[in-house]
Amino acid sequence: LSSASTAATASTDAAELTLDDAGAIARLNGNERLYSQLLRQWLQAVDEDWRTVQRRWHEGDAIQTARALHKLKGGTSVIGAEALAAALAKAESALTHTGASPQALSQPGTLPALQALVREAQTAAAAFLQAQAPAPSPAPLGATATSGAASAALPLQRLHTLSILLERSDMEAL
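Just so it is clear, the structure is predicted and the values come from calculations on it, not from any experiment. (Residues numbered from 1 in each chain as written. Predicted model: local features only at pLDDT ≥ 70, side-chain atom pairs only at ≥ 80, totals over all residues. Heavy atoms only, no water.)

1. Topic: the packing of helix α3 (residues 32-59) against helix α6 (residues 110-132)
Definition in use: Lines fitted to C-alpha atoms define the axes, with helix axes restricted to the stretch in contact, and inter-axis angles between N-to-C directions lie between 0 and 180 degrees. Only DSSP runs of H or I reaching four residues or more are called helices, and only runs of E reaching two or more are called strands; each is numbered from the N terminus. With respect to orientation, any angle under 35 degrees is reported as roughly parallel, any angle over 145 as roughly antiparallel, any angle of 65 to 115 as roughly perpendicular, and every other angle as oblique. Crossings are classed by handedness, with left-handed meaning an anticlockwise turn of the near helix from the far one by less than a right angle and right-handed meaning a clockwise turn. In this description, contact between two residues means that some pair of their heavy atoms is separated by no more than 4.5 Å. Polar here means any residue outside two lists: the nonpolar Ala, Val, Leu, Ile, Met, Phe, Trp, Tyr, Cys and Pro, and the charged Asp, Glu, Lys and Arg; Gly therefore counts as polar.
Look at α3 against α6: their axes get within 10 Å of each other, and the N-to-C directions meet at 160°. Here α3 lies roughly antiparallel to α6, going by the angle between them. Note on packing geometry: the crossing formed by α3 with α6 is left-handed. In contact with Glu32, Tyr35, Ser36, Leu39, Arg40, Trp42, Leu43, Val46, Asp47, Trp50, Gln54 and Trp57 of α3, α6 contributes Leu111, Leu114, Gln115, Val118, Arg119, Ala121, Gln122, Ala125, Ala126, Phe128, Leu129 and Gln132. Among the residues making up the contact of α3 with α6, the classes are represented as 15 nonpolar, 5 polar and 4 charged.

Right, here's the structure in full:
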């Protein structure tokens, strides 16, 4: 294998380890569309959820930090980011079951390691959604690029023309 393909394979393998999309989709009865929707929702919420974890940690509130970790863990588990979910569960448990203060998360690398896992999961989720996005269809021959409202009106204009041709029983409609 070339070094480029080896790097691509390693990147793909890392994404698969970061995000168990197949397992998450299986838990959703194979509903890939729902999974994609859940990924988009998670991506929209994760930055704010992580900021809440950090804010509660800096405030020194163990209960609120644990709650913020729990919330983040829930969404993370649903999308199949198993390593992140496990790390979040461990941090939450350290705060709730051992009575540790949020400063326990400041042990060397704990909070930065969690943040790195969050970023890896975000990257993997975005890559999954990108891979699922349909490729744009090429413009018909002779079509020119249009912008904004003009491009939005084009399908409606074509539909209207087709409707008129069909009403006339015009073979050009076919």
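The discussion continues.
2. Quick look at the nonpolar core
For soluble globular proteins, the rule of thumb is that nonpolar side chains tend to be buried together. Applicable threshold: We define the nonpolar core as a collection of buried residues of types Ala, Val, Leu, Ile, Met, Phe, Trp, Tyr and Cys that are connected through side-chain atoms lying within 4.5 Å of one another. Burial classification: accessible surface area is computed with a 1.4 Å probe over protein chains only, and a residue below 20% of its type maximum counts as buried, one above 50% as exposed, and the rest as partly exposed.
Leu19, Tyr35, Leu39, Trp42 and Leu72 are the most contacted members of the largest nonpolar core, which totals 29 residues. Contributions of two or more residues to this core are made by α2 (21-27), α3, α4 (62-79), α5 (82-96) and α6. A total of 8 residues in this core trace back to one element, the largest contributor, which is α6. Not counting residues up to four positions away in its chain, the partners in contact with Leu39 are Leu19, Ile79, Ala125, Phe128 and Leu129.

3. Topic: the pattern of salt bridges
This is how it is decided: The working definition used for a salt bridge is a side-chain nitrogen of Lys or Arg within 4 Å of a carboxyl oxygen of Asp or Glu.
With the rule as written, the count across this model stands at 6 salt bridges. Arg119 is the partner of Asp47 in a salt bridge, and the nearest nitrogen-oxygen pair spans 3.2 Å. With a gap of 72 residues between them, Asp47 in helix α3 and Arg119 in helix α6 connect regions that are remote in the sequence. The exposure class assigned to Arg119 is partly exposed, which follows from its relative accessible area of 33%. Notably, a salt bridge pairs Glu92 with Lys73, separated by 2.9 Å at the nearest N-O pair. One end of the pair, Glu92, is in helix α5; the other, Lys73, is in helix α4, with 19 residues separating them in the sequence.

4. Focus: unusual backbone geometry
Negative phi characterises most residues that are not glycine, and trans characterises most peptide bonds. Even without a glycine there, the phi angle at Asn29 is positive, about 55°. Along the chain, Asn29 turns up in the loop between α2 and α3. You can call Asn29 exposed: its relative accessible area is 75%.

5. Section: the environment of Gly75
Looking at where Gly75 falls in the secondary structure, it is placed in helix α4. Accessibility expressed as a relative area gives 27% for Gly75, which makes it partly exposed. Residues Gly75 and Gln41 lie 34 residues apart in sequence; the distance between their C-alpha atoms is 9.0 Å.

6. Quick word on α3
For an α-helix, the turn length of 3.6 residues means that residues three or four places apart are oriented alike. Test applied: Under the convention used throughout, the expected extent of a helix is 1.5 Å for every residue step, that is, one less than its residue count. A residue's bend is the angle separating two fitted axes: one through the seven residues that end there, the other through the seven that start there. Within 3.5 Å is the distance limit for a polar contact, defined as a pair of N or O atoms, with the added protein rule that one can donate a hydrogen and the other accept it, and that residues adjacent in sequence qualify only through two side-chain atoms.
Taking 1.5 Å as the rise per residue, α3 with 28 residues should run 40 Å; its terminal C-alpha atoms sit 39 Å apart, in good agreement. In the structure, α3 departs most strongly from a straight axis at Ala45, where the bend amounts to approximately 40°. Those residues of α3 not exposed but buried are Tyr35, Ser36, Leu39, Trp42, Val46, Asp49, Trp50, Thr52, Val53 and Trp57. Where the residues of α3 are buried, they touch α2, α4, α5 and α6. In this structure Asn31 caps α3, since a side-chain oxygen of it lies 3.3 Å from the backbone nitrogen of Arg33. At the C-terminal side of α3, Gly60 shows a positive phi close to 80°.

7. Quick notes on the packing of α4 against α5
Two elements in contact, α4 and α5, have axes whose closest approach is 9 Å; the angle formed by their N-to-C orientations is 160°. Between α4 and α5, the angle falls in the class roughly antiparallel. With respect to the hand of their crossing, α4 and α5 are arranged in left-handed fashion. For the pair formed by α4 and α5, the contact residues are Ala62, Thr65, Ala66, Leu69, His70, Leu72, Lys73, Thr76 and Ser77 on the first element and Glu82, Leu84, Ala85, Leu88, Ala89, Ala91, Glu92, Leu95 and Thr96 on the second.

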